[in-house]
Protein chains: 2
Amino acid sequence: MARLVAERSDVLPVLGEVFREHGFEGASLSVITGATGLGKGSLYHFFPGGKEEMAMAVLDEIDTWFQVNVYQPLRDGQDARAGIDHMFTAVEQYFRSGHRVCLVGVFALNNTRDRFADQVQSYFADWTAALNKALTRAGYETAAARSLTEDILGGIQGALVLARAMNDPKIFSRSLKRLREQLDL
Amino acid sequence: MARLVAERSDVLPVLGEVFREHGFEGASLSVITGATGLGKGSLYHFFPGGKEEMAMAVLDEIDTWFQVNVYQPLRDGQDARAGIDHMFTAVEQYFRSGHRVCLVGVFALNNTRDRFADQVQSYFADWTAALNKALTRAGYETAAARSLTEDILGGIQGALVLARAMNDPKIFSRSLKRLREQLDL
DNA sequence: AAAAATATGTACCAATTGGTACAATGACAA
DNA sequence: TTGTCATTGTACCAATTGGTACATATTTTT
């Protein structure tokens, strides 16, 4: 069902990158039209709710991606260890080895969080629950699993901040590697 | 030399909180005048360079604070272990046990970083150098110290992101405690 | 091909943006 | 008290903001 004209879903990845780069406030309509190549007419046709609906749609797409590629393997995979290993691989790729930043993290840090509180909250809550379950299934005690989960999710977010702040993506890959090895699966 | 009228330095903490809460783009002049209680006249008298100079001044103040309260104790304290322990205490207080976010992190994540690249970079570079030196002095091997430094700085930033995203400041305190204990000083 | 539905460009809108100009006010020292 | 300098409020500015209206394409369906 491919069309020549743009589809709503085609523009979501571009919107995602725009919001990552500029934040929600900084992503002005003119920036968005420039990056997507779509005029206001098209934009408001696809997203009648304006910027807020665009960001919501992006967050939804991100949620779906993580559900499929990260949370479900963690929760339901036969081998818990394999699910965890798969998570690290998926994360390394998703964040482009530290070249890409976490949109949810970007939104979370300032007052943009309040606009999208539910989606921001559940992004990390779902991830936490899934990883926690996997670690438990892999043999960790309840308390240890809980701590490890926080350390790993925090470690990922922090490594993204550091990598971008120092303009050195390798910081992310190195950190991810250590987080993984710390588990000696 | 206290004066009845406002001083430039009096307004810096307020500006800091405004930029934390709204980010650089989101901190409009009207938000700033509202939060500081100063009109544009005063604001542009103290900061002729406008918003950019305000943010620069805030970043400078932050840098000074960390130099005095974190980096120097790490670098020059007689007891390296005490310096590290002091760092954790200072950080726990500075970030108000997870109620406050890191302004440099906020700026780092989106394109605001490019405006303040030097200050963002050196905030983490200086911290990294100081902590690395302290860990080395405390007995860690070169490679181990380097990894630990990244883990600790990343862990702090990530914990701040998580705490704010989940709206649960305790995540920060818990993470900080584990990072500290991991060192068994 | 005609009709219906989808998609898009253009013009327009009030509100807000960051910033300037400047006169009036305040403090303070000679 | 007079003069100097720091401080502040107000009015103003062009540019941009997010958003709407709508007529015109462009597809898709019939």
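The structure we're discussing is the one just above.
Residues numbered from 1 in each chain as written. Chains lettered and ligands numbered in written order. Predicted model: local features only at pLDDT ≥ 70, side-chain atom pairs only at ≥ 80, totals over all residues. Heavy atoms only, no water.

K.L.:
Tell me what's going on with the overall build of chain A, and back it up with residues and numbers.
P.N.:
Helix and strand counts for chain A come out as ten helices and zero strands. Overall, chain A shows an N-to-C arrangement of helices and strands of α-α-α-α-α-α-α-α-α-α. A globule of 185 residues ought to have a C-alpha radius of gyration of about 16 Å, and chain A, at 18 Å, matches this closely. Taking the principal axes of the C-alpha coordinates as reference, chain A spans close to 55 × 40 × 30 Å. When contacts within chain A are restricted to residue pairs at least 6 apart in sequence, long-range pairs at least 24 apart make up 66% of them. With the model as given, the accessible surface of chain A reaches about 8,300 Å², and the carbon-plus-sulfur share is 51%. Of the charged side chains in chain A, 20 are positive and 23 negative, and the gap between their average positions amounts to 3 Å. (Helix = DSSP H or I, 4+ residues; strand = E, 2+ residues; numbered from the N terminus. Rg over C-alpha atoms; globule rule 2.2 N^0.38 Å. Contact = heavy atoms within 4.5 Å. Areas by Shrake-Rupley, 256 points an atom, 1.4 Å probe, with all protein chains shown as cover. Lys, Arg positive; Asp, Glu negative; His and termini not counted. Charge placed at Lys NZ, Arg CZ, Asp CG, Glu CD.)

K.L.:
Tell me about the relation of the copies chain A and chain B, and name the residues and values.
P.N.:
By a simple turn and slide, chain A fits onto chain B: the slide is 0.0 Å along the axis, the RMSD is 0.0 Å, and the turn is 180°. Classification of the inter-copy transformation places it as that of a two-fold axis. When each C-alpha of chain A is compared by its distance to the rotation axis, Gly158 of chain A comes out closest, at 1.8 Å. (Least-squares fit on C-alpha atoms with pLDDT ≥ 70 in both.)

K.L.:
Before we move on, could you go through the interface of chain A and chain B and cite the residues and values that matter?
P.N.:
At the interface, 39 residues of chain A touch 39 residues of chain B. Both faces combined, the contact of chain A with chain B buries some 3,500 Å², and carbon together with sulfur accounts for 57% of it. Summed over the three residues of chain A that lose the most area to chain B, namely Leu109, Glu150 and Arg164 of chain A, the buried surface amounts to 21% of that side. On inspection of chain A and its partner chain B, the count reaches six salt bridges. Its salt-bridge partner being Arg174 of chain A, residue Glu150 of chain B comes within 2.3 Å of it at the nearest N-O pair. Remark: the boundary between chain A and chain B carries 22 residue pairs in polar contact (both at pLDDT 80 or more). Elements with a contribution of two residues or more to the side of chain A that touches chain B: α1 (8-26), α6 (103-109), α7 (112-115), α8 (117-137), α9 (142-165) and α10 (170-181) of chain A. Among the elements that line the side of chain A that touches chain B, the one with the most residues is α9 of chain A, at 13 residues. Looking at the side of chain A that touches chain B residue by residue, the classes come out as 14 nonpolar, 14 polar and eleven charged. (Buried area = accessible area lost by both parts, 1.4 Å probe. Salt bridge = Lys/Arg side-chain N within 4 Å of Asp/Glu carboxyl O. Polar contact = N/O pair within 3.5 Å; in protein donor to acceptor, adjacent residues only side chain to side chain. Nonpolar A, V, L, I, M, F, W, Y, C, P; charged D, E, K, R; others polar.)

K.L.:
Let's hear about the pattern of salt bridges: which residues, and what values?
P.N.:
Tallied over the entire structure, the rule returns 20 salt bridges over all chains. Put simply, Glu150 of chain A and Arg178 of chain B hold a salt bridge, and the shortest N to O gap is 3.0 Å. Placement of Glu150 of chain A in helix α9 and of Arg178 of chain B in helix α10 (residues 170-181) is noted, with the two residues assigned to different chains. According to the relative accessible area criterion, Glu150 of chain A is buried, its value standing at 12%. Each of the salt bridges in this network shares a partner with another, and the network as a whole consists of Glu150 and Asp151 of chain A together with Arg174 and Arg178 of chain B. (Buried < 20%, exposed > 50% of the residue type's maximum accessible area, 1.4 Å probe, protein only.)

K.L.:
Any chance you could break down the side chain of Lys51 of chain A for me, citing the residues and the numbers?
P.N.:
All names here are of chain A. Along the polypeptide, Lys51 turns up in helix α4 (residues 50-76). Comment: no salt bridge for buried Lys51; closest opposite-charge side chain is Glu25, at 5.5 Å. From its side chain, Lys51 meets the backbone oxygen of Phe24 in a polar contact 2.8 Å long. Excluding residues within four positions of it along the chain, Lys51 makes contact with Phe19, Phe24, Glu25, Ala27, Leu29 and Ile32.

K.L.:
Give me the lowdown on the side chain of Thr149 of chain A, citing residues and values where you can.
P.N.:
Residue and element names in this part refer to chain A. Structurally, Thr149 can be placed in helix α9. Only 3.4 Å separates the side chain of Thr149 from the side chain of Asn132, close enough to count as a polar contact. Residue contacts for Thr149: discarding those within four places in its chain leaves Thr128, Leu131, Asn132 and Leu135.

K.L.:
Pulling in residues and values, what's your account of the packing of α10 of chain A against helix α9 (residues 142-165) of chain B?
P.N.:
Contact pair α10 of chain A / α9 of chain B: the axes reach a minimum separation of 10 Å and the direction vectors enclose 100°. Judged on the interaxial angle alone, α9 of chain B and α10 of chain A are roughly perpendicular. In this structure, α10 of chain A uses Ile171, Arg174, Ser175 and Arg178 of chain A to contact α9 of chain B, whose residues at the interface are Arg146, Ser147, Glu150 and Asp151 of chain B. For the contact of α10 of chain A with α9 of chain B, the per-class residue count stands at one nonpolar, two polar and five charged. (Axes fitted to C-alpha atoms, helices over the stretch in contact; angles between N-to-C directions. Parallel < 35°, antiparallel > 145°, perpendicular 65-115°, else oblique.)

K.L.:
A description of the packing of aromatic side chains should follow, citing residues and the corresponding values.
P.N.:
The final tally for this structure, using the stated rule, is 32 aromatic pairs over all chains. Where Trp65 of chain B meets Phe66 of chain B, the ring centres are 5.2 Å apart and the plane angle is 70°; that geometry is what we call edge-to-face. Since its relative accessible area comes to 0%, Phe66 of chain B is described here as buried. Relative to Tyr94 of chain B, the ring of Phe66 of chain B has its centre 4.9 Å away and its plane inclined at 75°; by these criteria the two rings are edge-to-face. Of this pair, Phe66 of chain B sits in helix α4 (residues 50-76) while Tyr94 of chain B sits in helix α5 (residues 80-94), and the two are 28 residues apart along the sequence. Tyr94 of chain B matches Phe66 of chain B in its accessibility class, with the two residues each being buried. Feature note: the residues Trp65, Phe66, Tyr71, Tyr94, Phe95, Tyr123, Phe124, Trp127 and Phe172 of chain A constitute an aromatic cluster, connected by ring pairs. The ring of Phe24 of chain B has Lys51 of chain B sitting right over it, with the charged end atom 4.7 Å from the ring centre. Positioned over the ring face of Tyr94 of chain B is Arg100 of chain B, at 4.6 Å from the centre of the ring. (Phe/Tyr/Trp six-rings, centres within 6.5 Å; stacked < 30°, edge-to-face > 60°. Lys NZ or Arg CZ within 6 Å of the ring centre and 35° of its normal.)

Structural measurements only, silent on function.
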